Amino acid sequence: MDFSGFDIAVGALALLVLVLLIKGIRTIPQGYNYTVERFGRYTKTLSPGLNFIFPFVDRIGAKMNMMEQVLDVPSQEIITRDNAIVGVDGIAFYQILNAAQAAYQVAGLQNAILNLTMTNIRTVMGSMDLDELLSNRDAINERLLRVVDEAAHPWGIKITRVEIKDINPPANLIESMGRQMTAERNKRAQILAAEGLKQSQILEAEGRKEAAFRDAEARERSAEAEARATQVVSEAISKGDVQALNYFVAQKYTEALGKIGTATNSKIVLMPFEASSLIGSLGGIGEIAKEVFRSEGTTGAQRQAARPPVVRPSDN
């Protein structure tokens, strides 16, 4: 079968169109952006999906991953403000926001982010004491994130997180910190024990104070009662009532005999010869009681005149 020149030209044109389509159509996967260069100069950025470029004129430049990425920061030694040497490592999370800036503003993007992060870790942590490093890790992470993100902004990336993973002081420093922590705990325990002893002593002193106050109050009331009794006896004597004096003497005499009888070192109680005086005094007490009851009976009879008299049975 013979082909004419026209047929050959049409076939060649169709083949050229097919080659152009194959070369010009680009499928971009999700999560990536491709840059397009025309004669070596950046022209546009291809987003995920089906895209077309001019074959033999345009070419794919950089293939940038637009997803959040993790960058491991290796361990490094840092000298703190108080001259302590510690080993520190960390981790950084970043995301490319502008593919063209990330591709053409810096060479070796990951290496640039890594060195920038390590340098700022030394700067931030080197300006702090060891105690601050160990107790303010959140503040360190926040400060590192702010500084590194600001420095990497012209590269078209966003630093989402910077985390310090481990802070490793030297072994001798860890041992010293352990001894210091033990001493601090012992100090707090001694302070608590001293506070407890102080409170117990205060409570005990307050108890003694209250007891002494109540004893003094009891003695004061006893003295007032004694003085009142003495005054009553004195007034009775001044009125010529000798029975009141006998009552007072008999009361004291009875109390003295009671103390002698209850003494632990006394086995035999010798009654004094004047014991008859006690009986006489008791007789005086009886006379006083009769007079008191007689006077009360007279007063009661006046107040209760309407009541009939009480008839007592005779002894017979």
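An account of the accompanying structure is given in this report. Not measured: the values here are computed from a predicted model.

## Quick word on the overall build of the protein chain
In terms of regular secondary structure, the protein chain is built from eight helices and eight strands. Restricting to contacts in the protein chain with at least 6 residues of sequence separation, those with at least 24 account for 62%. Summing over all exposed atoms, the protein chain offers an accessible surface of approximately 22400 Å²; the carbon and sulfur share of this is 58%.

## Quick word on the pattern of salt bridges
Enumeration according to the criterion identifies eleven salt bridges in this entry. With a closest N to O distance of 2.5 Å, aspartate 58 and arginine 38 form a salt bridge. Here aspartate 58, found in strand β5 (residues 58-65), pairs with arginine 38, found in strand β2 (residues 32-38); they are 20 residues apart in sequence, far enough to count as distant. A relative accessible area of 34% places arginine 38 in the partly exposed class. Ionic pairing is found between lysine 165 and aspartate 72, a salt bridge with its closest N-O pair at 3.2 Å. Of the two residues, lysine 165 is situated in strand β8 (residues 157-168) and aspartate 72 in strand β6 (residues 69-79); the sequence distance between them amounts to 93 residues.

## Regarding the packing of aromatic side chains
Under the counting rule described, the total for this entry stands at two aromatic pairs. Ring centres 5.6 Å apart and planes at 55 degrees place the aromatic pair tyrosine 42 and tyrosine 104 in the tilted group. One end of the pair, tyrosine 42, is in strand β3 (residues 41-46); the other, tyrosine 104, is in helix α2 (residues 99-104), with 62 residues separating them in the sequence. Exposure remark for tyrosine 104: the relative accessible area of 37% places this residue in the partly exposed category. Seen from their ring centres, phenylalanine 52 and phenylalanine 54 are 6.0 Å apart, and the 75 degrees between their planes marks the pair as edge-to-face. Assessed through its relative accessible area of 40%, phenylalanine 52 is described here as partly exposed. Residue phenylalanine 54 is classed as partly exposed on the basis of its relative accessible area of 49%. A cation over an aromatic ring shows up here: arginine 161 above the ring of phenylalanine 93, its NZ or CZ 4.1 Å from the ring centre.

## A look at the sheet that holds strand β7 (residues 85-96)
With antiparallel pairing, the three strands of this open sheet are ordered in space as β6-β7-β8. The sheet is open, and its two borders are formed by β6 and β8, each paired with just one other strand. For this sheet the average axis-to-axis angle between neighbouring strands, irrespective of direction, equals 20 degrees. Across ten bridges, the pairing between β7 and β8 is antiparallel. Bridging from a neighbouring strand, valine 88 pairs with isoleucine 167 of β8. Relative to the sheet, helix α3 (residues 109-126) contacts β6, β7 and β8, its axis offset from that of β6 by approximately 40 degrees.

## A few points about the pairing of β3
Judged from the five bridges that link them, β2 and β3 form a sheet pairing that is antiparallel. Directly across from valine 36, in β3, lies its bridge partner lysine 44.

## Quick word on the environment of glycine 90
With respect to the secondary-structure elements, glycine 90 resides in strand β7. Note on glycine 90: relative accessible area 0%, which makes it buried. Put simply, glycine 90 and aspartate 166 are 76 residues apart on the chain and 6.9 Å apart in space, counted from C-alpha to C-alpha. Leave out the neighbours within four places in its chain, and glycine 90 touches Asp72, Val73, Glu163, Ile164 and Lys165.

## A look at the nonpolar core
Membership of the largest hydrophobic core comes to 37 residues, with the highest contact counts inside it found for Leu109, Met125, Trp155 and Ile157. At the level of secondary structure, the elements contributing two or more residues to this core comprise β5, β6, β7, α2, α3, α4 (130-135), α5 (137-152) and β8. The greatest single-element share of this core, amounting to nine residues, is contributed by α3. Dropping the residues within four chain positions of it, tryptophan 155 is found in contact with Asn98, Gln101, Ala102, Gln105, Val106, Leu109, Ala112, Ile113 and Leu116. Ranked by size, the runner-up nonpolar core spans six residues in total, among them Ile28, Val36, Leu46 and Ile53.

Thresholds, definitions, all that
Residues numbered from 1 in each chain as written. Predicted model: local features only at pLDDT ≥ 70, side-chain atom pairs only at ≥ 80, totals over all residues. Heavy atoms only, no water. Helix = DSSP H or I, 4+ residues; strand = E, 2+ residues; numbered from the N terminus. Contact = heavy atoms within 4.5 Å. Areas by Shrake-Rupley, 256 points an atom, 1.4 Å probe, with all protein chains shown as cover. Salt bridge = Lys/Arg side-chain N within 4 Å of Asp/Glu carboxyl O. Buried < 20%, exposed > 50% of the residue type's maximum accessible area, 1.4 Å probe, protein only. Phe/Tyr/Trp six-rings, centres within 6.5 Å; stacked < 30°, edge-to-face > 60°. Lys NZ or Arg CZ within 6 Å of the ring centre and 35° of its normal. Pairing = 2+ DSSP bridges. Axes fitted to C-alpha atoms, helices over the stretch in contact; angles between N-to-C directions. Core = buried A, V, L, I, M, F, W, Y, C linked by side-chain atoms within 4.5 Å.

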